[in-house]
Amino acid sequence: MATLCLDCGYKLADSPRDLTRDQILFLISALAYRAEQLAQSRLAAQGITRIKVEEEGE
């Protein structure tokens, strides 16, 4: 998460212990999204296209 903060320039708190639960969840979600983008780009470089279908929950 620290790398994500440095890389994207997120300044959410003065120190990690000052982060709120919502801020931590945001950072974890952003990290998972970036990891998925990286995986997709690696597959695309190999000529593999993946179609992802998601249903919206309530």
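Note that the structure is predicted; figures quoted are calculated from it, not measured.

Draft legend 1. Just helix α2 (residues 21–45), in detail. End to end, α2 covers 36 Å across 25 residues, agreeing with the expected 36 Å (1.5 Å per residue, within 8%). Of the positions making up α2, those classed as buried are Leu 27, Ala 30 and Leu 43. Immediately downstream of α2, the backbone of Gly 47 shows phi near 85 degrees, a positive value.

Draft legend 2. Representation of the pattern of salt bridges in the model. All chains considered together, the criterion is met by one salt bridge. The residue Glu 36 makes a salt bridge to Arg 50 at a minimum N-O spacing of 3.8 Å. Highlighted residues: Glu 36 in helix α2 and Arg 50 in the segment after α2, separated in sequence by 14 residues.

Draft legend 3. Inspection of the environment of Gln 40 at higher detail. Relative to the helices and strands, Gln 40 is located in helix α2. Separated by ten residues in the primary sequence, Gln 40 and Arg 50 have C-alpha atoms spaced 7.6 Å apart.

Draft legend 4. Spatial organisation of the environment of Asp 18. Mapped onto the secondary structure, Asp 18 falls in the loop between α1 (2–8) and α2. The residues contacting Asp 18, other than those within four sequence positions of it, are Ala 13 and Gln 23.

Reading the values: the criteria
- Residues numbered from 1 in each chain as written.
- Predicted model: local features only at pLDDT ≥ 70, side-chain atom pairs only at ≥ 80, totals over all residues.
- Heavy atoms only, no water.
- Helix = DSSP H or I, 4+ residues; strand = E, 2+ residues; numbered from the N terminus.
- Expected span 1.5 Å × (residues − 1).
- Buried < 20%, exposed > 50% of the residue type's maximum accessible area, 1.4 Å probe, protein only.
- Salt bridge = Lys/Arg side-chain N within 4 Å of Asp/Glu carboxyl O.
- Contact = heavy atoms within 4.5 Å.

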